[in-house]
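One-letter residues, chain by chain:
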Amino acid sequence: MGALKRLRPSTPFLLLLPAIVVLAAVVVVPLLLSFYSSFTPFRLTQPASLFNFVGFRNYGRILTDVEFWTAFGRTVLLLTVALNAEMLLGLGLAMLVEKATAGQRLLRTIMMFPMMFSPILVGFQFKFMFNDNIGLINNALQSLGLTDQAIPWLIDGTLAFWAIVVAEVWSSTSIFAILILAGLLAMPKEPIEAARVDGCTPWQTFRYVTWPFVMPFAYIAMTIRSLDVARAYDIVKIMTDGGPAKRTELLWTLISRTAYADARMGLANAMAYFAIFLSILFTVYFFRKLAAARTQIGAEW
Amino acid sequence: MATVSLQKLVKRYGALEIVHGIDLEVADREFIALVGPSGCGKSTTLRMIAGLEPISGGNLKIGGRIVNDLPPRARNISMVFQSYALYPHMTVRENMGFSLKIAGMKSEEIAPRVEEAARTLDLTHLLDRRPSQLSGGQRQRVAMGRAIVRNPDVFLFDEPLSNLDAKLRTQLRTEIKKLHAKVQSTVIYVTHDQVEAMTLADRIVIMRDGHIEQVGTPEEVFQRPASKFVAGFIGSPPMNLKDAEIADGRVVFVNGDSLPLPRRFADRVTAGRKVTFGLRPDDLYPAGHGIHSGQEADVHKADLRVSITEPLGNETLVFSEHGGAEWVGRMLNPRRLRAGETLPFCFDLSQAHLFDRETGRTLRG
Ligand SMILES: Nc1ncnc2c1ncn2[C@@H]1O[C@H](COP(=O)(O)OP(=O)(O)OP(=O)(O)O)[C@@H](O)[C@H]1O
Ligand SMILES: [Mg+2]
């Protein structure tokens, strides 16, 4: 009797069991399986290869793979450029909108538009705009008489990289703008006046008073962005698909190509875990910064 | 250290005029208190002096120089805000040294000045805390410290004590007074607390609806109020102000009761003049429980019925009926009174005031 009672799981556990089963089936099992497969030479075309455990061979190969490191470096460059541009533009936008005396509500709504587009659509939209023959941008440049050539935006490797940066910045600046605007609106106005009386120029007021206050909000945006940067995959996939000649290959396009085109799932999974690990490091880093900035302004949230 | 002069200073928000051309000369090292009811434009005036609000008309001079269009940083002023406005991300030390740092001073020069100010304000042990870790009174002192490290020409205070409890307020009031004696700067101090104004200021400016009603020393505004408004605003409890009419040497109240016309107004009013009669509670007391300041002949005696009393310990406020209205008197060396009791009262008419009922101005001339 007593033994039976001990076997019987507690009620909360029983009640949570369905959720646990579903989560395990759709998240935990695939996660473990893919993690395991990164230690095998698994190919989609040869299911049996899944059972051939090769230890760290995939990871070893990645470390010496020039193509991987090129894509890796380019991804880091893209993120550095894009995130910084997004933060600066978002800050600028937020400060302009905060100054607006009329129609602020409308401006705030308009500012959020890019967030409503799926990244696929952003990709198509910019692919059209940067098209060398029929694109809006070349058309505009030519009509304004700034150039008489068709600039090969998506064909030249360097230009294509910047075209992607522009698309990425367009689609994600609003996250920074919204969060920083929230910070500006929550900010008490008296310290700014005190700073003016204390002798600050407008720039010093921003530098020493406004910025320290909105910084945590910028870090929140950074943290969110460091979790969802992989969204950029859709944009790149549509605009250039890593081309021309792999000149805009990023980690995400490389991984999907390795997994599906080359069918080397094991290797692709190893790359993906490597990338995820780095992404987690970034997130932790920004989270730390956020916590520090929060205690600094004595925030109560 | 500088003079401040306001010449026909005007503030408009759009078509709405808030401050209507006020004139004021503040002498070097003078402590000026700006008082008035809520919404009369005290903060607006102060903020125009600070440069935080653009001036819509007239001139503002600091140290003889017109500063209308100069930004706050070019005016060499310090301001203590009602909400303290400390920088939340800086320690007390950084808060206090911030203006010096902005002015380009080296940290070796800043440190001793901050420490000196901290000693004056008893903040030394708090220097490394952040504002969020301080009590209201401590924050207030930091705000004051931030203002004094700079040796500004002019100090501006906007109701610095109004967020504090009564005890702390009294204590910090004394500290502000000591501080002024020590730093010897020109101070303009906004408050709606007349006790603060009376105790601190060299001169008091009483504002009402964007106008200046009277400027004078605490004694002047208390003893010789220029208008009914000032008479009612300064002094606690407020002066008894009752509408009356002059009739052959007497002041006749609405219900027909009367008092003799105070002698010093004898040749200032004629019969039939509609006036407001004013008498401070100190000058209306149960016989034997007060002091008259003029001659015995000016004291009028009458029996009044006590309606309620408010014992304060050292004195009792006595409310009683006269002339169809309620008057408040002050009873020194109080004894216990019963409601409904009738007592002989003294009206010290040498201290009475008469105001024109229409304009509210004093008839003293
Ligand atoms: N931005 C503004 N736009 C329009 N009117 C304003 C503005 N700021 C202040 N006012 C008006 O100006 C008048 C004076 O305001 P002010 O803040 O100077 O009053 P105050 O004497 O300091 O009152 P308090 O004792 O309550 O602080 C008020 O009637 C207020 O409504
Ligand atoms: Mg005010």
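Residues numbered from 1 in each chain as written. Chains lettered and ligands numbered in written order. Predicted model: local features only at pLDDT ≥ 70, side-chain atom pairs only at ≥ 80, totals over all residues. Heavy atoms only, no water.

1. Focus: the interface of chain A and chain B
The interface of chain A with chain B comprises 21 residues on the first partner and 24 residues on the second. With both sides pooled, the region where chain A packs onto chain B buries about 2000 Å², and carbon together with sulfur makes up 62% of that total. On the chain A side of the interface with chain B, the three residues burying the most area are A:V197, A:D198 and A:Y208, jointly 33% of the side's total. The interface formed by chain A and chain B contains 2 salt bridges. Note that B:R150 and A:D198 form a salt bridge whose closest N and O atoms lie 3.8 Å from each other. At the boundary of chain A and chain B, one finds 6 residue pairs in polar contact (both at pLDDT 80 or more). (Contact = heavy atoms within 4.5 Å. Buried area = accessible area lost by both parts, 1.4 Å probe. Salt bridge = Lys/Arg side-chain N within 4 Å of Asp/Glu carboxyl O. Polar contact = N/O pair within 3.5 Å; in protein donor to acceptor, adjacent residues only side chain to side chain.)

2. Digging into helix 3 (residues 107-120) of chain B
Residues and elements named next belong to chain B. Here helix 3 spans 20 Å end to end across 14 residues, near enough to the 20 Å set by a 1.5 Å rise per residue. Within helix 3 the residues assigned to the buried category are I110, V114, A117 and A118. What you see down the axis of helix 3 is that its buried residues fit within an arc of 100 degrees, all on one side. In helix 3, the exposed residues that point more than 90 degrees away from the buried face are E108 and R119. Looking at the packing, one finds that the buried side of helix 3 touches helix 2 (92-102) and helix 4 (136-148). Phi turns positive, to about 60 degrees, at D122, one or two residues after helix 3. (Helix = DSSP H or I, 4+ residues; strand = E, 2+ residues; numbered from the N terminus. Expected span 1.5 Å × (residues − 1). Buried < 20%, exposed > 50% of the residue type's maximum accessible area, 1.4 Å probe, protein only. Arc of directions from axis to C-beta.)

3. Structural notes on the sheet that holds strand 19 (residues 342-348) of chain B
Residue and element names in this part refer to chain B. Read across the sheet, 5 strands follow the order 15-19-16-17-18 without closing on themselves; strand pairing throughout is antiparallel. Each edge of the sheet is formed by a strand with only one pairing partner; in this case those strands are strand 15 (284-286) and strand 18 (325-332). Each neighbouring strand pair of the sheet contributes to a mean axis angle of 50 degrees, computed without reference to strand direction. Both strand 17 (residues 315-322) and strand 18 contribute to a ladder of 8 bridges, which runs antiparallel. (Pairing = 2+ DSSP bridges. Axes fitted to C-alpha atoms, helices over the stretch in contact; angles between N-to-C directions.)

4. What to know about the sheet that holds strand 6 (residues 77-80) of chain B
All names here are of chain B. On the basis of which strands lie adjacent, the open sheet formed by 6 strands has the order 6-7-8-3-9-10 and mixed pairing. At either margin of the open sheet sits one strand with a lone partner, and together these are strand 6 and strand 10 (211-216). When strand polarity is set aside, the average angle formed by the axes of neighbouring strands in this sheet is 15 degrees. Both strand 3 (residues 31-35) and strand 9 (residues 203-208) contribute to a ladder of 4 bridges, which runs parallel. Looking at strand 9, one finds that L34 is bridged to V205. Each of strand 6 and strand 7 (154-158) touches helix 4; the most contacted strand, strand 6, lies at about 175 degrees to it.

5. Looking at the site of ligand 1
Residues and elements named next belong to chain B. For ligand 1, the full set of nearby residues is Y13, I18, S38, G39, C40, G41, K42, S43, T44 and E159. At 2.8 Å, a backbone N or O of G39 approaches an oxygen atom of ligand 1. G41 is positioned such that a nitrogen or oxygen atom in its backbone is 3.0 Å from an oxygen atom of ligand 1. Broken down by element, the shell around ligand 1 gets its largest block of residues, 3 residues, from helix 1 (residues 42-50). Split by residue class, the shell around ligand 1 holds 3 nonpolar, 5 polar and 2 charged. (Near = heavy atom within 4 Å. Nonpolar A, V, L, I, M, F, W, Y, C, P; charged D, E, K, R; others polar.)

6. Some points on the layout of surface pockets
All names here are of chain A. Reported here for the largest pocket is a volume of approximately 830 Å³. What lines the largest pocket is a set of 29 residues, among which V229, A230, W252, A275 and S279 lie closest to the centre. Counting residues per element, the lining of the largest pocket draws most heavily on helix 14 (residues 265-297), which supplies 10 residues. (1 Å grid on protein atoms, 1.4 Å probe; cavity = no way out; pocket = protein on both sides within 12 Å on 5 of 7 lines; lining within 4 Å. Points joined across faces, edges and corners; volume = space filled by probe spheres on them.)

7. Focus: the domain arrangement of chain B
Residues and elements named next belong to chain B. Split into domains, chain B comes out as domain 1 (4-230) and domain 2 (240-363). Of note, the centres of domain 1 and domain 2, computed from C-alpha atoms alone, are 38 Å apart. Residue-level contacts link 8 residues of domain 1 with 9 residues of domain 2. Contact between domain 1 and domain 2 buries roughly 790 Å² in total, counting both sides, with carbon and sulfur atoms accounting for 52%. Summed over the shared surface of domain 1 and domain 2, the result is 1 salt bridge. Close ionic contact of R361 with E213 constitutes a salt bridge, the shortest N to O distance being 3.9 Å. At the junction of domain 1 and domain 2, the tally comes to 4 residue pairs in polar contact (both at pLDDT 80 or more). Residues of the side of domain 1 that touches domain 2, tallied by class, amount to 4 nonpolar, 2 polar and 2 charged. (Domains from an automatic or database assignment.)

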